[in-house]
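Reading the structure
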Amino acid sequence: MIVVSRIEENIAVVYFGDRKEEIPLNELPEGTHEGSVLKETPQGLVPDPEAENQRRSRIAGKMRRLFK
């Protein structure tokens, strides 16, 4: 899974699994934000909204269980 961890001064900190890279925000798809999930295609990185929604749901479930 490719996840945008944070954005600092137009540089996105992106995790490709366990590997971290810093990528200029203008090299990522338009609309990329902290927490975006991306996928690699032959055309480059593209948003993966289905995977992002699944990730958000999984995290929300963990938070509900943690803060009962």
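In this report, the structure presented in the accompanying data block is examined. Per chain, residues are indexed from 1 in the order of the written sequence. This being a predicted model, a pLDDT of at least 70 is required before a residue's local features are given, and a value of 80 or more before pairs of side-chain atoms are given or counted; all residues contribute to the totals for chains, interfaces and linings. No hydrogens and no water enter the side-chain calculation; it runs on all heavy atoms of the structure.

Next up on the list: the overall build of the chain. Think of it this way: any DSSP run of H or I at least four residues long counts as a helix, any run of E at least two long counts as a strand, and we number them from the N terminus. Across its full length, the chain holds 1 helix and 5 strands. Start at the N end of the chain and walk to the C end: the helices and strands fall as β-β-β-β-β-α. In the chain, buried positions account for 28% of the 68 residues. Two residues form a contact once any of their heavy atoms are found within 4.5 Å. Nonlocal contacts in the chain, meaning residues at least 24 apart in sequence, comprise 27% of its contacts between residues at least 6 apart. A total of about 5,100 Å² of accessible surface is found on the chain, and carbon and sulfur atoms cover 48% of it. The positive count covers Lys and Arg only, the negative count covers Asp and Glu only, and His and the chain ends enter neither. For the purpose of locating charges, the reference atoms are NZ of Lys, CZ of Arg, CG of Asp and CD of Glu. In the chain, 11 side chains carry a positive charge and 12 a negative one; their mean positions are 13 Å apart. Note on classification: 1.4 Å probe, protein chains only; a residue is buried when its accessible area is under 20% of the maximum for its type, exposed when over 50%, partly exposed between these limits. Note on areas: Shrake-Rupley, 1.4 Å probe, and residue coverage restricted to the protein chains presented here.

Residues forming no salt bridge and having over 30% relative accessible area are the ones grouped into patches, like charges within 9 Å of each other and nonpolar side chains (Val, Leu, Ile, Met, Phe, Trp, Tyr) within 5 Å. The term salt bridge refers to a pairing of a side-chain nitrogen on Lys or Arg with a carboxyl oxygen on Asp or Glu at a separation within 4 Å. A contiguous patch of positive charge on the surface is contributed by Arg 58, Lys 62, Arg 64, Arg 65 and Lys 68. Looking at the secondary structure, you find Arg 64 in helix 1 (residues 49-66).

With 6 bridges connecting them, strand 2 (residues 11-16) and strand 3 (residues 19-24) associate as antiparallel partners. Along strand 3, the bridge assignment pairs Ile 11 with Pro 24. Only strands that DSSP links by at least two bridges are regarded as paired with each other. Taken together, strand 2 and the strand that follows it, strand 3, pair antiparallel across an intervening segment of 2 residues, in which Gly 17 is found at a positive phi of about 70°.

Glancing now at helix 1. Under the convention used throughout, the expected extent of a helix is 1.5 Å for every residue step, that is, one less than its residue count. Here helix 1 contains 18 residues, and its C-alpha end-to-end distance of 25 Å stays within 8% of the 26 Å for a straight helix at 1.5 Å per residue. Taken together, the buried positions of helix 1 are Ala 51, Glu 52 and Gly 61. Taken together, the buried residues of helix 1 touch strand 4 (37-41).

Moving on to a nonpolar patch on the surface. A surface patch of nonpolar side chains, about 450 Å² in accessible area, is lined by Ile 59, Met 63, Leu 66 and Phe 67. With respect to the helices and strands, Leu 66 occurs in helix 1. Here Leu 66 falls in the exposed class, since its relative accessible area comes to 63%.

Below, the discussion takes up unusual backbone geometry. Phi is positive for Glu 9, which is not a glycine, with a value near 50°. Structurally, the position occupied by Glu 9 is in the loop between strand 1 (2-8) and strand 2.

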